[in-house]
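Fold and geometry: a report
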Amino acid sequence: MSSAGLYYQPSQEFEPYCLPQFQLPHQLCYNGSVQATSQFPFEISSEQYCTLESSSPNAIFSTYNFSPSGSPISQQDSQSHPPDTYGSPLSSSCVTDDANDIRHKLRELETAMLGPDSDNLMNIEGESPEMDCLRKIMEAISRADLKQVLVACAKAVSENDHLIAQWLIDELRHMVSVSGEPIQRLGAYMLEGLVARLSSSGSSICNALRCKEPASADLLSYMHILYEVCPYLKFGYMSANGAIAEAMKDENRVHIVDFQIGQGSQWVSLIQAFAARPGGPPHIRITAIDDSTSAYARGGGLNIVGKRLSKLAESFKVPFEFHAAAINGCEVQVGDLGIRAGEEALAVNFAFMLHHMPDESVDTENHRDRLLRMVKGLSPKVVTLVEQEANTNTAPFFPRFLETLDYYTAMFESIDVTLQRDHKERINIEQHCLAKDVVNVIACEGRERVERLELLGKWRSRFVMAGFTQCPLSSLVNATIKTLLENYCKQYRLQVRDGALYLGWMNRDLVASCAWK
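Since this is a predicted model, take the numbers as computed values, not measurements. (Residues numbered from 1 in each chain as written. Predicted model: local features only at pLDDT ≥ 70, side-chain atom pairs only at ≥ 80, totals over all residues. Heavy atoms only, no water.)

1. A few points about the overall build of the protein chain
For the protein chain, the count of helices and strands is 18 helices and 12 strands. By residue count, 59% of the 517 residues in the protein chain fall in the buried class. Total accessible area on the protein chain stands at roughly 21,100 Å², and carbon and sulfur atoms take up 51% of it. (Helix = DSSP H or I, 4+ residues; strand = E, 2+ residues; numbered from the N terminus. Buried < 20%, exposed > 50% of the residue type's maximum accessible area, 1.4 Å probe, protein only. Areas by Shrake-Rupley, 256 points an atom, 1.4 Å probe, with all protein chains shown as cover.)

This is the structure:
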């Protein structure tokens, strides 16, 4: 950890408004170091994006690149200003330490925005409300308060105030850095999202990020490292496995339907646990739902997962079948699942998947609730849910921006504790595993916005409406996770509330896990 001051703290200054998987061996513990499996040297992408030129009142566009330090700078800036530590050509900024100069600039900006008669708008204290707002923004810039400048920029974007938004985007270019502090790194991607939203190019930038993804083996390496350094992600899988093992402890034939199989590594530890079950293991059959993103990261189709798990099960003498269903979650029907009613006990796993399904706010078919009703009709013995604990589904843009800033600040700061800042793969991990989600939440709307997280309270309502009853998680597994979490930084936390497991960083819940029947 760089300093205690970087620990995540919820902001008090404004109102709070997938995943390839990994192996979880029984001896899992964190030893304080993470070794990347990829040996490729790190390179910052030179992909060009579109941003607003802050000096233009007509929203003229120019392109920018990430500087060697990771800060987005315009082409003209990069030609005329050598970047400092954070890529900041300070001479081009309107930041100043001189109070009189700040006031003079405020008056100039107010006159430009409100016209020469702005003196008539002054309040009894001698300052207009608009002037007071601009003063606060300038003060935030002068003290390099990146979080508040991001918030001010998002507010301007939400109110279609293009003049202020363009000015703040230009300032933010000098403040963010994909190689800096956690808030600077997150700010670089949030700035991308704001720029894309203003230019109505959200989907284009998200597509560009996808097109620039590394080779599948490298992406898998980045995802693996991310989940190794973020225990709240991998322990979410562990709690789901514990619920399934508990529900199936007396069953001879078990059918698991996984709605996002990824690498299939979630099931390694479960197969091992079933192999050690007193009285012998059950017959296990896994039906794997897939999508193109997982297939890309995997480097091939579901046959890769099937062969890997079959080989593992054979080595542990566990009877095993694998059924592949290469189909998007929105398109899944009962006939795709190969249900053998009356012959097998059914478990259904929704891990980091349901939030990608459009709900009633996006599609009249409401696939989010349709899938839950369909699964309930199959009479499963247990259904597990693991999801990120955030509200970015139906919230309007500005509160959604604040929630995203709050959530990912905690995540980036937790990464900063576990993974050294000069780790050669850290920027790749954040850029390829997290940036796309951040940009999508901020820049996109309608069907193009696929990152639609909901709080567990909302998921609970959906499950109850579909006819499910919540069941307790395994107390043994919860205790095991708590013990393992002690091997990590003490700022990670685990809480059991209302029958669900919450994992997070300091005061912020990041992942929630629960079970239903």
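2. Digging into unusual backbone geometry
Positive phi values are uncommon outside glycine, yet Lys317 reaches one of about 60°. Tracing the backbone through its elements, the reader meets Lys317 in the loop between α12 (302–315) and β6 (320–325). The exposure class of Lys317 is exposed, given its relative accessible area of 69%.

3. Some points on the packing of helix α5 (residues 162–173) against helix α6 (residues 182–198)
One way to put it is that α5 packs onto α6 with a least axis distance of 11 Å and a crossing angle of 150°. Between α5 and α6, the interaxial angle falls into the category roughly antiparallel. For α5 against α6, the interelement crossing comes out left-handed. On α6, the residues touching His162, Ala165, Ile169, Leu172 and Arg173 of α5 are Leu191, Val195 and Leu198. Grouping the constituent residues of the contact of α5 with α6 by class yields 6 nonpolar, 1 polar and 1 charged. (Axes fitted to C-alpha atoms, helices over the stretch in contact; angles between N-to-C directions. Parallel < 35°, antiparallel > 145°, perpendicular 65-115°, else oblique. Left-handed = near helix turned anticlockwise from the far one by under 90°. Contact = heavy atoms within 4.5 Å. Nonpolar A, V, L, I, M, F, W, Y, C, P; charged D, E, K, R; others polar.)

4. Describing the packing of aromatic side chains
Within the structure shown, the criterion is met by 11 aromatic pairs. Aromatic side chains Tyr232 and Tyr492 sit 6.0 Å apart centroid to centroid with 50° between the ring planes, which places their arrangement in the tilted category. One end of the pair, Tyr232, is in helix α9 (residues 231–247); the other, Tyr492, is in strand β10 (residues 492–497), and 260 residues separate them in sequence. Since its relative accessible area comes to 1%, Tyr232 is described here as buried. When the centroid spacing of 4.9 Å and the interplanar angle of 20° are considered together, the rings of Phe463 and Trp516 count as stacked. Here Trp516 lies in strand β12 (residues 508–516) and Phe463 lies in helix α17 (residues 456–465), a separation of 53 residues in the sequence. (Phe/Tyr/Trp six-rings, centres within 6.5 Å; stacked < 30°, edge-to-face > 60°.)

5. As for the pattern of salt bridges
Side chains bearing opposite charge may pair, as long as their charged atoms lie close to each other. Following the criterion strictly, the structure yields 27 salt bridges and no others. In this structure, Arg462 engages Glu454 in a salt bridge whose closest nitrogen and oxygen atoms are separated by 2.9 Å. Each member of the pair, Arg462 as well as Glu454, is classed as buried. Note that Arg493 is salt-bridged to Asp509, the shortest N-O span being 2.4 Å. Linking Arg493 in strand β10 with Asp509 in strand β12, this pair joins segments that are 16 residues apart in sequence. You'll find Arg493 and Asp509 in the same group, each marked buried. Taken together, the salt bridges that share partners define one network made up of Asp359, Glu360, Arg368, Asp369, Glu454 and Arg462. (Salt bridge = Lys/Arg side-chain N within 4 Å of Asp/Glu carboxyl O.)

6. Overview of the nonpolar core
Formed by 111 residues in total, the largest nonpolar core has its most connected members in Leu168, Leu194, Leu226, Tyr232, Ile256 and Phe401. The element contributing the most residues to this core is helix α14 (residues 397–418), with 12 residues. Setting aside residues up to four positions removed in sequence, Leu226 forms contacts with Leu233, Ile415, Ile429, Cys433 and Leu434. In terms of nonpolar packing, the next biggest core, distinct from the first, is built from 31 residues, Leu346, Phe350, Leu385 and Phe468 among them. (Core = buried A, V, L, I, M, F, W, Y, C linked by side-chain atoms within 4.5 Å.)

7. Things to note about the pairing of strand β7 (residues 345–351)
Most of β7 is tucked away: 7 of the 7 residues are buried. Burial of β7 is two-sided: the residues Ala345, Ala347, Asn349 and Ala351 facing one way and the residues Leu346, Val348 and Phe350 facing the other way are all buried. Strand direction decides the pairing type here: strand β4 (residues 253–258) and β7, joined by 5 bridges, are parallel. Counterpart to Val254 in the pairing with β7 is Ala345. As judged from the 5 bridges shared by β7 and strand β8 (residues 382–388), these two strands associate in the parallel manner. Bridge pairing links Ala347 to Val382 in β8. (Pairing = 2+ DSSP bridges.)

8. Side note on the packing of helix α4 (residues 146–158) against α14
In the contact formed by α4 and α14, the axes pass within 9 Å of each other and the chain directions differ by 155°. With respect to α14, the axis of α4 lies roughly antiparallel. The way α4 lies across α14 gives a crossing that is right-handed. Two secondary-structure elements touch here, α4 through Lys147, Leu150, Val151, Ala154, Lys155, Val157 and Ser158 and α14 through Phe397, Phe398, Phe401, Leu402, Leu405 and Thr409. Taken together, the residues of the contact of α4 with α14 sort by class into 9 nonpolar, 2 polar and 2 charged.

Read these as spatial facts, not as claims about activity.
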